[in-house]
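Chain by chain, the residues:
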Amino acid sequence: MWVFALLLAWPMLEIGLFVVVGGWIGLWATLAWVILSAMLGIALIRGLGMSALREVRGGGGIAALQPMAHSALIMLSGILLMLPGFFTDFLGLLLLVPFVRTGLIALLASRVQVHGFAARRGQPRADWVDAEYEEVVPERDKIGGTTQPSKWRED
């Protein structure tokens, strides 16, 4: 039920903020803010792809989780900045602050349990069999141009 309330309250909050803040700063400044924040969000997401890949390649296993989490939150920040609205822009700009991301990652990490994490390279697993196959379809006896039913089941 709280998800429904959130989905209902979020647009209402954004509309209210557009009316109030738009009244303070004016129409053209509001439109400029929306366009500039969307451009910033797009730039964050575009620039994030290669830098995140470089960070992840630098470390492996558990060491790669921290940069991946920061990259995911920066990407979420870019998405929030692309959405029109002052509240989403505030959340997006808040996620750009490094200590806010670190605190959020620590909060989420305290609620997540990792049971196993492994990456294998080189030798294939011992329980795998690399093989080729060919399906062999048996010829059935034909009587009078029709196929007889299987002898293994009753029809």
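Residues numbered from 1 in each chain as written. Predicted model: local features only at pLDDT ≥ 70, side-chain atom pairs only at ≥ 80, totals over all residues. Heavy atoms only, no water.

J.: Which parts of the structure should I look at to understand the overall build of the protein chain?
T.: Counting secondary structure elements, the protein chain contains 5 helices and 2 strands. In the protein chain, the succession of α and β elements from N to C terminus is α-α-α-α-α-β-β. Expressed as a percentage of the 155 residues in the protein chain, the buried residues total 17%. Put simply, 60% of the contacts in the protein chain that link residues at least 6 apart link residues at least 24 apart. Total accessible area on the protein chain is roughly 12,900 Å²; 68% of this is exposed by carbon and sulfur atoms. (Helix = DSSP H or I, 4+ residues; strand = E, 2+ residues; numbered from the N terminus. Buried < 20%, exposed > 50% of the residue type's maximum accessible area, 1.4 Å probe, protein only. Contact = heavy atoms within 4.5 Å. Areas by Shrake-Rupley, 256 points an atom, 1.4 Å probe, with all protein chains shown as cover.)

J.: Got a minute to help me understand the packing of aromatic side chains in this structure?
T.: Aromatic ring pairs: the centre-centre distance and the angle between the two ring planes describe each pair. One pass over the structure, following the stated rule, counts 3 aromatic pairs. Arranged with centres 5.4 Å apart and planes meeting at 75°, the rings of W10 and F87 form a pair that is edge-to-face. Of this pair, W10 sits in helix α1 (residues 2–25) while F87 sits in helix α4 (residues 86–95), and the two are 77 residues apart along the sequence. Accessibility expressed as a relative area gives 29% for W10, which makes it partly exposed. These aromatic residues form a ring-pair network of at least three members: F18, W33 and F86. (Phe/Tyr/Trp six-rings, centres within 6.5 Å; stacked < 30°, edge-to-face > 60°.)

J.: Help me understand the environment of F86, please; the structure alone is not making it clear to me.
T.: Considering the arrangement of structural elements, one finds F86 in helix α4. Beyond its immediate sequence surroundings of up to four residues, F86 is in contact with E14, L17, F18, V21, I25, T30 and W33.

J.: I'm lost on the packing of α1 against α4 in this one. Help?
T.: The relative placement of two packed helices is expressed as an angle between their axes plus a distance between the axes. Two elements in contact, α1 and α4, have axes whose closest approach is 7 Å; the angle formed by their N-to-C orientations is 95°. Judged by the angle between their axes, α1 and α4 are roughly perpendicular. Contacts between α1 and α4 involve W10, L13, E14, L17, F18, V21 and I25 on the former and, on the latter, F86, F87, T88 and L91. Split by residue class, the contact of α1 with α4 holds 9 nonpolar, 1 polar and 1 charged. (Axes fitted to C-alpha atoms, helices over the stretch in contact; angles between N-to-C directions. Parallel < 35°, antiparallel > 145°, perpendicular 65-115°, else oblique. Nonpolar A, V, L, I, M, F, W, Y, C, P; charged D, E, K, R; others polar.)

J.: Can you walk me through a nonpolar patch on the surface in this structure?
T.: Taken together, the side chains of I42, M75, L76, I79, M82 and L83 present a nonpolar region at the surface, about 470 Å² in accessible area. Here the element with the most residues in the nonpolar patch is helix α3 (residues 65–82); it accounts for 4 residues. (Patch = residues over 30% accessible without salt bridge, like charges linked within 9 Å, V, L, I, M, F, W, Y side chains within 5 Å. Salt bridge = Lys/Arg side-chain N within 4 Å of Asp/Glu carboxyl O.)

J.: What am I meant to see in the environment of I79 here?
T.: Secondary-structure assignment places I79 in helix α3. Residue classification places I79 among the partly exposed residues on the basis of a relative accessible area of 38%. Remark: the alpha-carbon pair of I79 and L44, spanning 35 residues in sequence, is separated by 8.9 Å.

J.: Sorry if this is basic, but what is going on with the confidence of the model for the protein chain here?
T.: Interpretation of this model should avoid reading the predicted coordinates in detail wherever pLDDT is low. Summarising the model, the protein chain shows a mean pLDDT of 78, and 68% of its residues fall at 70 or more. Here strand β1 (residues 142–143) stands out as the element of the protein chain with the lowest mean pLDDT, 50, in contrast to α4, whose mean of 92 is the highest. (pLDDT = per-residue confidence, 0-100.)

J.: Looking at this structure, I do not really get the packing of α3 against helix α5 (residues 98–110). What am I missing?
T.: Across the interface, α3 lies against α5 with an axial gap of 10 Å and an inter-helix angle of 115°. Regarding α3 and α5, the two cross each other, and that crossing is right-handed. Note on element contacts: α5 touches α3 through P98, R101, T102, L104 and I105, opposite Q66, A69, H70, L73 and I74. Here the residues of the contact of α3 with α5 sort into 6 nonpolar, 3 polar and 1 charged. (Left-handed = near helix turned anticlockwise from the far one by under 90°.)

J.: Is there a simple way to explain α1 in this structure?
T.: Three- or four-residue spacings in an α-helix give side chains the same orientation, since the helix completes a turn every 3.6 residues. Given a rise of 1.5 Å per residue, 24 residues ought to cover 34 Å, and the 33 Å separating the end C-alpha atoms of α1 matches this to within 8%. Within α1, burial applies to E14, V21 and G22. Within two residues after α1, G26 carries a phi angle of roughly 95°, on the positive side. (Expected span 1.5 Å × (residues − 1).)

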